[in-house]
Amino acid sequence: MLQDVRYALRQMRANPGLSSVIVLSLALGIGANTAIFSLINTVMLSSLPVKDPGRLVLLAWGANEWPKGLNQSGMGGPQATGFRAGSYSLPYPFFETFGQAMRVDAEMIAGDYFGGLGVTPLIGRVPGREEGQAVLSYGYWARQFGRDPAIVGKTISINGLSFAIAGVMGPAFFGVQPGRTPDVWVPAADSPALTPWAFRPRGNPSLMTVRAYWWLPVMARLKPGVTAAQVSAALDPPFQRFAGDALGLPADSRGMPHLLATPAGRGLDFMRRTFSEPLVILMAVVGLVLLIACANVATLLLARGAVRRREIAIRLSLGASRARLLRQLLTESVTLAAAGGVLALLAAAWGARALTLLLPAGQRPDLEATGLSAAVVVFTAAMSTLTGLAFGVVPAARATRFEVAGDLKPAIGFTSSARSRYGWDSGFVVAQVALSLVLVFGAALFVRTLVALQRQDLGVDASNLLVVGVDPSQNGYSGARLAAVYETLLERLDRTPGVVGATCSRLALFSGWVSNGSIAVAGAEPKPAGMDMHRNGVGPAFAETMGMKLRLGRTIDWNDLRAARRVVVINEAASKYFFGDANVLGQRISFGPGPYRPADDYEIVGVVRNAKYASVRGEAPRTAYMPFTAMPSALGALSFQIRTAGDPLAIVPSVRRIVSEIDPMLALADVRTESDQIAASLWQERLFAELVSAFSVLALVLACIGVYGTMSYAVARRTREIGVRMAMGAQGGHVLRSEIGRAIRLSLAGVAIGAPLTLAASRFVASQLFGVTPSDPLTMTVAIAVLVGATAAAGYLPARRASRVDPMVALRSE
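In this report, the structure presented in the accompanying data block is examined. No experiment lies behind these values; they were computed from the predicted model shown.

A separate point is the sheet that holds strand β14 (residues 258-263). One open sheet holds the 3 strands; their spatial order is β13-β1-β14, and the pairing between them is antiparallel. The sheet is open, and its two edges are formed by β13 (219-221) and β14, each paired on a single side. Neighbouring strand axes in the sheet, compared pairwise and without regard to direction, differ in orientation by 35° on average. Looking at chain direction, strand β1 (residues 56-62) and β13 are connected through 3 bridges and run antiparallel. Pairing of L58 across the sheet is with M219, part of β13.

So, about the packing of helix α13 (residues 479-494) against helix α17 (residues 652-662). Running from N to C, α13 and α17 point in directions that differ by 145°, and their axes come no closer than 10 Å. The hand of the α13/α17 crossing is right-handed. Between α13 and α17, the residues in contact are V485, T488, L489, R492 and L493 and V655, R657, I658, V659, E661 and I662, respectively. A class-by-class count of the residues in the contact of α13 with α17 yields 7 nonpolar, 1 polar and 3 charged.

Moving on, we come to the packing of aromatic side chains. For the coordinates displayed, the defined rule picks out 13 aromatic pairs. For the pair F37 and F379, a centre-to-centre distance of 4.0 Å together with 10° between the ring planes defines the contact as stacked. Of this pair, F37 sits in helix α2 (residues 16-45) while F379 sits in helix α10 (residues 374-399), placing them 342 residues apart in sequence. For the pair formed by F37 and F379, the shared burial category is buried. On the basis of an interplanar angle of 40° and a centroid distance of 5.4 Å, the ring pair of F173 and W185 is categorised as tilted. Of the two residues, F173 sits in the loop between β10 (161-168) and β11 (184-187) while W185 sits in strand β11, which places them 12 residues apart along the sequence. Its relative accessible area of 0% is what places W185 among the buried residues. Among the aromatic residues, those joined into a ring-pair cluster are Y113, F114, F173 and W185.

Inspection of the secondary structure assignment puts E311 in helix α8 (residues 309-317). The exposure class of E311 is partly exposed, given its relative accessible area of 24%. A distance of 3.0 Å separates a polar atom in the side chain of E311 from a polar atom in the side chain of Y7.

Of all 7 residues in strand β16 (residues 499-505), 6 are buried, a share of seventy percent or more. Judged from the 6 bridges that link them, β16 and strand β24 (residues 638-644) form a sheet pairing that is antiparallel. What sits directly across from V499, in β24, is T644.

Conventions and cut-offs
- Residues numbered from 1 in each chain as written.
- Predicted model: local features only at pLDDT ≥ 70, side-chain atom pairs only at ≥ 80, totals over all residues.
- Heavy atoms only, no water.
- Pairing = 2+ DSSP bridges.
- Helix = DSSP H or I, 4+ residues; strand = E, 2+ residues; numbered from the N terminus.
- Axes fitted to C-alpha atoms, helices over the stretch in contact; angles between N-to-C directions.
- Left-handed = near helix turned anticlockwise from the far one by under 90°.
- Contact = heavy atoms within 4.5 Å.
- Nonpolar A, V, L, I, M, F, W, Y, C, P; charged D, E, K, R; others polar.
- Phe/Tyr/Trp six-rings, centres within 6.5 Å; stacked < 30°, edge-to-face > 60°.
- Buried < 20%, exposed > 50% of the residue type's maximum accessible area, 1.4 Å probe, protein only.
- Polar contact = N/O pair within 3.5 Å; in protein donor to acceptor, adjacent residues only side chain to side chain.

Here is the structure:
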């Protein structure tokens, strides 16, 4: 075997051009697969870096009615405390250190979090269950404190609460959410300063005692000899009693939730649910690229095998067995693939990190976790070996199947071989074209989807609009004091030079966050199709600042906000659905399930044009806009929208200064333009459009290389035939058209096979499309034209060389 490998390396040195093309083709194909797999491994496959992760379970719950399936993990504070374990991600905390407010990604933990996971810190210690101390992640310790070991014991302030730093975790530990590493872990203190999603139900000041607000995921470690089924059987009865009491359900209710201990060795599944479908689609795409690369390399090896026929014939005549030669040729193929695999590993380490930059900033898997782990190296080695065997079998089998006596003749390289004109090499080219059509058509669909989403009318004017988040509630502000801070901030922003207008909303548009529920209309029966409606608490002149067109009545103003008036402005979709052609001004609605409640109703004072809400996809939902001071839930964080006369980012320093002057411990969150917000909401569409387009171009290049190689090989083998034809009077133009026609026939054969495959595959991405059908004929026509044109261009140079064959030289070469 070592002898075979050494000979394979000598063959690579003897044919540097061909070897380089093969190795580079394989490196691109294998590298693309490795880069995607490294993300899949990080987000979906890796176990938690903790002691014996197989003994961890998540206490999930579900119901026969809503929500169906065991996919819910939140527990109420009292129930989670009773289970004595848990962790929860706090999405929007603010971190204060050295007198300057700054953002930090924190995770609230309860129970014996670190002890239950079986992890120890790099420096310091993990705090006990009753200690109110914080633990830093390795990455945050390195970025913010320069790996200073003296940080242990110092005090930090998070949302106005002081915590002593107990320790720093090692670089391998990221918590319980694969792909995401918090900056700091803090105890789940029962304080308004630490509130998940910056949201607290009205009338419930304590998250740890309210029974109907389920927010804390609970994980547990099984004792030796105890099974998950036993845990489920033991905990389900007390959980049902708690759920029935909290939700007001009778014991025999069909909607009663039930508990099941599910495996949690791979951690919580937020990242998996977010990225599983995009990563699976991309893995299928890069798998096609690798198949095209294999077919391309097989085509090149077939051509090289024809050149080596005399060498192999001599080996056979000297006594070498066919099995021995097959082993040698397959070793050469695997060696080429191994060289491509090495380059693929180097490219994949960069490619995985580059891919994460295409993901939204708040949802990027941890860059440190997407490196070359042992699983990624094993995957690449396996892919390289299988790839080498896949593209090497046919060329090796064909190279060793012929008559020794005939192939020892020196004229073999230039016989007229019509029977081989459409052999294995042509078959591989057809396969490349067919697979390339799938990718080119898919890329065109994704690009058209992205363009359609970007060009649609969203119902708002996103130009010159800055969006920033502020949450004084996490610094102790609440009620009238919190409302006064927001009023002061809005008034000062309105007076800022360069600002045309300023407003705010409970939920930023196109952020993915949504608030919806049932309503009841005074004097009207419920609609059979449902009475659901989206809602958003907004500031003064929200519609005007956002560029929404007023259709009827008026919008929300300062008088509504200061008096907390129960008024709403609805959009046209809600007006049409609930009231038809009737006059809606003065109509009254109440929010919440059940019949209309006059004590909790709101008066409709205006109608605005439809505008998208949480997402740019789909139709504009039925929406109600009300004063943020009159929302049914407690007042919390707000998103401020500031329209400017020029570049919105130019006023960011002024906004920071104004916020700091109001309270130095307030920090801005998610500072971006509205255009950037919309672009960020299209991350998946942009990811597909950019990556699939890049991979389709790569596939097209590989297919063209295959056509070029096959045509060049055919011309070389048919030199005497072409010379005879030209000696008999054939013109160069005729030969040129004939050879280009052969390339076009190969591409059309590939199109005939690839078109049905393409249409079948497009159904699997139908849910990702917008403004275009999976079988769009225009897109298919363009994809076919691009593919046929590219392959015809690839065949031009060999065809041109054939048209310039000198008949005398061709005949003399025999």
